[in-house]
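Now for the letters of each chain:
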Amino acid sequence: MDYFVTEYQTFENTERTAGIKARDDLKYIFLDCGINEIAIPGNTENREEMNAFRKLRQHFVIAKKWRESLKNLRAGDKIIIQFPNIEHSIMLNKVFKKLDKKGVEIILIIHDIDLLRSAKKRKKLTAKFRMKLEEINSIKTASVIIAHNKRMAKYFERIVPEKTKVVSLDIFDYLIKDYDESKFKTDKGSENAAIIAGNLRPHKAAYVYNMPDNLRVNLYGVDYEGEVTDKLVYHGSFDPDELPYVMNGSFGLVWDGESCDTCTGTYGEYLKINNPHKTSLYLASNIPVAIWEKAALAGFVKKNNCGIVIESLDELAKTLDSLDPKEYEKLKKGAEAVGQKLRSGYFTKKALKKCGIGDVD
């Protein structure tokens, strides 16, 4: 039998962010494929507010919940787990090892990898030890790893056992509930502006606060703290299913770090190996993307002719100023073709087929 795990939380307020959108979309795609759901309850209170002893105790409590929920799995069963786990625990790798010994095939579909993103910022030995217990040891128990893209797949191929199969997702799907193309703005793309959607906090998107003066930008997301001008307009935050209908601009920008000249820092480096979910948002909304030339998804964008690859944001500003309507229409058609696939769960289903689950046209 084929199964997937859903972790449920009740305390976190994330409806105005994409924090759970990717996980929820995968859940609905799995259900659409006829895969059986196993629900695992989470904490009813935020662990960040607990003292050290209670935090440590939660690692054991969470592992026990997983053990109880998965105890009926048998040899030959397949279980899909979205990784890293929402409720992290240094004991989960032991749960996974027991399943592996039982003959259960563990399929980990990767969302983020702390080792590649946050590890560069953390110098404490305790943090490195925790990541080894939570990430590396858990990853090594998997029968299959579904990585974001081919670059990330190569990283996993270097650290997993030879028996572990590594599959590339290519890009995250993006479902739009009750999709209705007639609701899209009729003038979408007519305004020569870049779209930036997502977390707008200064520590996460520092480049937003240093935009070139000649670049028109429409901002959508939480916690924008900068000024609003005739070139830089903040439109507020929206539900992930509502956002595709309100965004307006020629290109959705996929950029990260502190600089507008190139993508820098921890987040900029991470862009070289991960699939930002906002890329899927733009394309599912039939909007071409403008992406950093060294980003992992730059090759996908060029191959599918669904956007442009840029070196700097100043280059984007010049591109918008001299945009050829016919060339833009070709990019828009490319975005629409990819968008149709993203809204149907095509790329997830394709990856699952490589794992021996389901089928895809």
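The rules behind each value
- Residues numbered from 1 in each chain as written.
- Predicted model: local features only at pLDDT ≥ 70, side-chain atom pairs only at ≥ 80, totals over all residues.
- Heavy atoms only, no water.
- Helix = DSSP H or I, 4+ residues; strand = E, 2+ residues; numbered from the N terminus.
- Buried < 20%, exposed > 50% of the residue type's maximum accessible area, 1.4 Å probe, protein only.
- Contact = heavy atoms within 4.5 Å.
- Pairing = 2+ DSSP bridges.
- Axes fitted to C-alpha atoms, helices over the stretch in contact; angles between N-to-C directions.
- Patch = residues over 30% accessible without salt bridge, like charges linked within 9 Å, V, L, I, M, F, W, Y side chains within 5 Å.
- Areas by Shrake-Rupley, 256 points an atom, 1.4 Å probe, with all protein chains shown as cover.
- Salt bridge = Lys/Arg side-chain N within 4 Å of Asp/Glu carboxyl O.
- Lys, Arg positive; Asp, Glu negative; His and termini not counted.
- Charge placed at Lys NZ, Arg CZ, Asp CG, Glu CD.
- Expected span 1.5 Å × (residues − 1).
- Arc of directions from axis to C-beta.
- Polar contact = N/O pair within 3.5 Å; in protein donor to acceptor, adjacent residues only side chain to side chain.
- Right-handed = clockwise from strand over helix to strand, strands pointing away.
- Phe/Tyr/Trp six-rings, centres within 6.5 Å; stacked < 30°, edge-to-face > 60°.

### Some remarks on the overall build of the chain
Thinking step 1. If you tally the helices and strands in the chain, you get 12 helices and 12 strands.
Thinking step 2. Across the 361 residues of the chain, 53% fall into the buried class.
Thinking step 3. Taking the intrachain contacts of the chain between residues at least 6 apart in sequence as the baseline, contacts between residues at least 24 apart amount to 70%.

### Here's the deal with the sheet that holds strand β5 (residues 144-147)
Either a parallel or an antiparallel arrangement is found when strands of a sheet pair, and the pairing is made through backbone hydrogen bonds.
Thinking step 1. Read across the sheet, six strands follow the order β2-β1-β3-β4-β5-β6 without closing on themselves; strand pairing throughout is parallel. The open sheet has two free edges, formed respectively by β2 (36-41) and β6 (165-168), since each of these has just one partner strand. Geometrically, the sheet is characterised by an average inter-axis angle of 25° between neighbouring strands, direction not taken into account.

### With respect to a positive patch on the surface
Thinking step 1. A grouping of Lys-150, Arg-151, Lys-154, Lys-165, Lys-303, Lys-341, Lys-350 and Lys-354 is seen on the molecular surface, where their side chains present a positively charged patch.
Thinking step 2. Among the elements of the structure, α5 (150-159) and α12 (346-354) are those that each provide at least two residues to the positive patch.
Thinking step 3. Of all the elements, α5 adds the most residues to the positive patch, at three residues.

### So, the sheet that holds strand β8 (residues 217-222)
Thinking step 1. Across the sheet, six strands lie side by side as β9-β8-β7-β10-β11-β12; this open sheet has parallel pairing. If you trace the sheet from one side to the other, it starts and ends with β9 (232-234) and β12 (307-310), each paired once. Averaged over all neighbouring strand pairs, the angle between strand axes comes to 25°, with direction disregarded.
Thinking step 2. Of the pairings in the sheet, the one linking strand β7 (residues 194-199) to strand β10 (residues 251-254) comprises two bridges and is parallel in character. Counterpart to Ile-195 in the pairing with β10 is Gly-252.
Thinking step 3. Contacting β7, β10 and β11 (289-292), helix α8 (residues 277-284) runs over the sheet at an angle of about 175° to β10.

### Considering helix α11 (residues 325-344)
Thinking step 1. Helix length check: α11 (20 residues) gives 29 Å between terminal C-alpha atoms against 28 Å at 1.5 Å per residue, within 8%.
Thinking step 2. Within the sequence span of α11, burial applies to Tyr-328, Leu-331, Lys-332, Gly-334, Ala-335, Val-338, Gly-339, Leu-342 and Arg-343. Buried residues in α11, looked at end-on, bunch into an arc of 165°, giving them a common side. Exposed side chains of α11 directed beyond 90 degrees from the buried face belong to Lys-326, Lys-333 and Gln-340.
Thinking step 3. Buried residues along α11 sit in contact with β10, α8, α9 (298-303), β12 and α12.
Thinking step 4. A distance of 2.8 Å separates the backbone nitrogen of Lys-326 from a side-chain oxygen at the start of α11, and that oxygen is part of Asp-324.
Thinking step 5. Just past α11, the residue Gly-345 takes up positive phi, approximately 80°.

### Concerning a negative patch on the surface
Thinking step 1. A surface patch of like charges, here negative, comprises Asp-261, Glu-293, Glu-311 and Glu-315.
Thinking step 2. Summarising the element assignment, Glu-311 is placed in the loop between β12 and α10 (313-321).

### What about the pattern of salt bridges?
Thinking step 1. The tally for this structure, following the rule as stated, stands at 11 salt bridges.
Thinking step 2. With a closest N to O distance of 3.1 Å, Asp-25 and Lys-21 form a salt bridge. Here Asp-25 and its partner Lys-21 are both found in helix α1 (residues 21-32), four residues apart, which amounts to about one turn of the helix.
Thinking step 3. On the accessibility criterion, Asp-25 (4% relative accessible area) is buried.
Thinking step 4. Among the salt bridges present, the one from Asp-223 reaches Arg-201, with a minimum N-O distance of 2.7 Å. Within this pair, whereas Asp-223 is found in the loop between β8 and β9, its partner Arg-201 is found in the loop between β7 and β8, the two being separated by 22 residues in sequence.
Thinking step 5. On the accessibility criterion, Asp-223 (34% relative accessible area) is partly exposed.
Thinking step 6. Where salt bridges share partners, they join Lys-21, Asp-25 and Asp-241 into one cluster.

### Thoughts on the pairing of strand β4 (residues 105-110)
Thinking step 1. Burial runs high along β4: five of the six residues are buried.
Thinking step 2. Viewed along the sheet, the connection from strand β3 (residues 78-83) through helix α3 (residues 92-102) into β4 turns out right-handed.
Thinking step 3. Two elements, β4 and β5, share three bridges in a ladder whose sense is parallel. Paired with Leu-108 across the two strands is Ile-145, which belongs to β5.

### Re the packing of aromatic side chains
Thinking step 1. Counting across every chain of the model gives 10 aromatic pairs.
Thinking step 2. Measuring from centroid to centroid gives 5.4 Å for Tyr-224 and Tyr-234, while their planes differ by 35°, and the two rings are tilted. One end of the pair, Tyr-224, is in the loop between β8 and β9; the other, Tyr-234, is in strand β9, and 10 residues separate them in sequence.
Thinking step 3. The exposure class assigned to Tyr-224 is buried, which follows from its relative accessible area of 13%.
Thinking step 4. Look at Phe-300 and Phe-347: their rings are 5.8 Å apart centre to centre, the planes differ by 70°, and that puts the pair in the edge-to-face class. With Phe-300 in helix α9 and Phe-347 in helix α12, the pair connects residues that are 47 residues apart, well separated along the chain.

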